[in-house]
Amino acid sequence: ATKNTSLSIAGSYTPAMAVRAFEDILTYSYVGSYYKGETTGIVDTIEFADNVEGKLYMPDVYKIGVEYRIGSVRGNRSMLRLAAEVNYETWSNFKSEFGTVTSDVNSMKDRLFVAAGIEWNPSTISGMRNNTTSFLSRLKYRVGVNYTDTELKINNNLGEISTVQDYGMSFGIGIPVSISNASTNINIGANFGALGSTENGLIKENYIGFQVGISITPGNGDYWFVKRKYD
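The model shown is predicted, which means the values in this text are computed figures rather than measured ones. Within any chain, residue numbers begin from 1 and follow the written order of that chain's sequence. Reporting of local features is limited, given that this is a predicted model, to residues whose pLDDT is at least 70; pairs of side-chain atoms are given and counted only at 80 or more, and all residues count toward the totals for whole chains, interfaces and linings. Water and hydrogen atoms were dropped before computing side-chain values, which therefore reflect all heavy atoms in the structure.

Enquirer: I'd love a proper account of the overall build of the chain, names of residues and values included.
Expert: Where helices and strands are cited, they refer to DSSP runs of H or I of at least four residues and of E of at least two residues respectively, numbered from the N terminus. Within the chain one finds two helices and twelve strands. Counted from the first residue to the last, the chain has its helices and strands arranged as β-β-β-β-β-β-β-β-α-α-β-β-β-β. The rule is simple: take the accessible area with a 1.4 Å probe, protein chains only, and divide by the maximum for that residue type; under 20% is buried, over 50% is exposed, in between is partly exposed. Looking at the chain as a whole, 24% of its 231 residues are labelled buried. Only heavy atoms enter the contact rule, under which two residues are in contact if any of them lie within 4.5 Å. In the chain, the share of contacts with a sequence separation of at least 24, taken over all contacts with a separation of at least 6, comes to 59%.

This is the structure we're talking about:
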């Protein structure tokens, strides 16, 4: 089979914008204990705001992605895809304005997200149609890693400002389903990672998630995605 490769690069930019918003605030002081939502007595209202109109200033967002494919163009071919993505968001410029109150512009920092992944398909759709390959060789095997330097700034027990990072990893399998000439896959995946740190009195969250989905790409002879021109 003749091998071929391809390189794709894409990027996007979303400019900063001011979003119209409304704010409601109710803060009060009380005496006694607070248990199961019960107080022994409210002393005074400290702060009250009812439907105050304002603005949220959202950040600029920069995105760039790269994909490199290695495969063949004839016969029972295999396909290897390498991909990476970088997102950068300027949350250090975020602020809110409600009435005469403006939030601290430096309450957050810029957010950075980096991810990379590999997908390997030992035998693509041509081998499945010809029934010349085993079931396991028709699956799409996926693995990826990601890192996020979040926009959060938190004070630790030492009175210092700490940042919060997120480290994650994901695994997945794409199961091909033969429906006419369509390229249909049932996708199953799992991801796990860790957010934050326990250093100097901070909190760390370990998480795990599962996903199930289906993707359908119509074949050449499928017309059910085509909009009717005549009734």
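Enquirer: Could you give an account of the side chain of Asn-156, naming the residues involved and the relevant values?
Expert: Checked against the element boundaries, Asn-156 lands in the loop between strand S9 (140-155) and strand S10 (161-179). Side chain to side chain, Asn-156 and Ser-162 meet in a polar contact 3.0 Å long. Those residues within four positions of Asn-156 in sequence are excluded, and the remaining contacts are Ser-162, Asn-200 and Leu-202. Whenever two N or O atoms come within 3.5 Å, that pair is a polar contact, provided that in protein one can donate a hydrogen and the other can accept it, and provided that, for residues adjacent in sequence, both atoms are side-chain atoms.

Enquirer: Please provide a residue-by-residue account of the environment of Arg-138, values included.
Expert: Within the secondary structure layout, Arg-138 lies in helix H2 (residues 135-138). On the basis of relative accessible area, Arg-138 is assigned to the buried category, the value being 14%. Through-space distance from the C-alpha of Arg-138 to that of Gly-174 is 8.9 Å; in sequence the pair is 36 residues apart.

Enquirer: Explain the confidence of the model for the chain to me, using residue names and the numbers behind them.
Expert: pLDDT: the predictor's confidence for each residue, scored from 0 to 100. When pLDDT is averaged along the chain, the result is 83, and 79% of the positions lie at 70 or above. Across the chain, the element-wise mean pLDDT spans from 52 in helix H1 (residues 125-130) up to 96 in strand S8 (residues 111-121).

Enquirer: Now, about the packing of aromatic side chains: what can you tell me, with residues and values included?
Expert: Between the rings of Phe, Tyr and Trp (Trp by its six-membered ring), a pair exists once the centres lie within 6.5 Å; its type follows the angle of the planes, with under 30 degrees stacked, over 60 edge-to-face, and the other angles tilted. Using the criterion set out here, one finds five aromatic pairs in the structure. Ring geometry for Tyr-147 and Tyr-167: centres 5.2 Å apart, planes at 45 degrees, overall tilted. Taken together, the positions of Tyr-147 in strand S9 and Tyr-167 in strand S10 put the pair 20 residues apart, joining distant regions of the chain. When the centroid spacing of 6.1 Å and the interplanar angle of 20 degrees are considered together, the rings of Phe-171 and Phe-192 count as stacked. Remark: Phe-192 occurs in strand S11 (residues 182-196) and Phe-171 occurs in strand S10; sequence separation between them is 21 residues. For Phe-171, a relative accessible area of 42% translates into the label partly exposed. We classify Phe-192 as partly exposed; its relative accessible area is 39%.

Enquirer: Account for the pattern of salt bridges, naming residues and giving values.
Expert: The working definition used for a salt bridge is a side-chain nitrogen of Lys or Arg within 4 Å of a carboxyl oxygen of Asp or Glu. All told, the structure shown has eight salt bridges when counted by the stated rule. One salt bridge in this structure joins Glu-67 and Arg-69, with 2.9 Å as the shortest N-O distance. We classify Glu-67 as buried; its relative accessible area is 16%. Take Arg-69: its relative accessible area is 32%, and that puts it in the partly exposed class. Note that Arg-81 is salt-bridged to Glu-119, the shortest N-O span being 3.1 Å. Pair noted here: Arg-81 is in strand S5 (residues 79-89) and Glu-119 is in strand S8, with a separation of 38 residues, a long-range link. Three or more residues joined by partner-sharing salt bridges are found here, namely Glu-67, Arg-69, Arg-81, Glu-119 and Arg-142.

Enquirer: Which residues make up the side chain of Asn-185, and what are the values?
Expert: Relative to the elements of secondary structure, Asn-185 occurs in strand S11. Contact partners of Asn-185, with chain neighbours within four places excluded, come to Lys-140, Gly-174, Ile-175, Pro-176, Gly-213, Ile-214 and Ser-215.

Enquirer: How would you summarise the environment of Phe-98 if you had to cite specific residues and measurements?
Expert: Here Phe-98 shows up in strand S6 (residues 95-98). Once the C-alpha coordinates of Phe-98 and Lys-55 are considered, the two residues, 43 residues apart in sequence, prove to be 6.6 Å apart. Residues within four places of Phe-98 in sequence aside, it is in contact with Ala-21, Phe-22, Glu-23, Val-52, Glu-53, Gly-54 and Leu-56.

Enquirer: Got a sec to walk through unusual backbone geometry? Specific residues and values, please.
Expert: For Asn-200, which is not a glycine, the phi torsion comes out positive at approximately 55 degrees. With respect to the element layout, Asn-200 can be found in the loop between S11 and strand S12 (204-217). The partly exposed category is assigned to Asn-200, whose relative accessible area is 35%.

Enquirer: An account of the environment of Leu-136 is needed here, citing residue identities and associated values.
Expert: With respect to the helices and strands, the residue Leu-136 is situated in helix H2. The class for Leu-136 is exposed, based on a relative accessible area of 55%. Taking C-alpha positions, Leu-136 is 9.7 Å from Asn-121, a pair spaced 15 residues apart along the chain.

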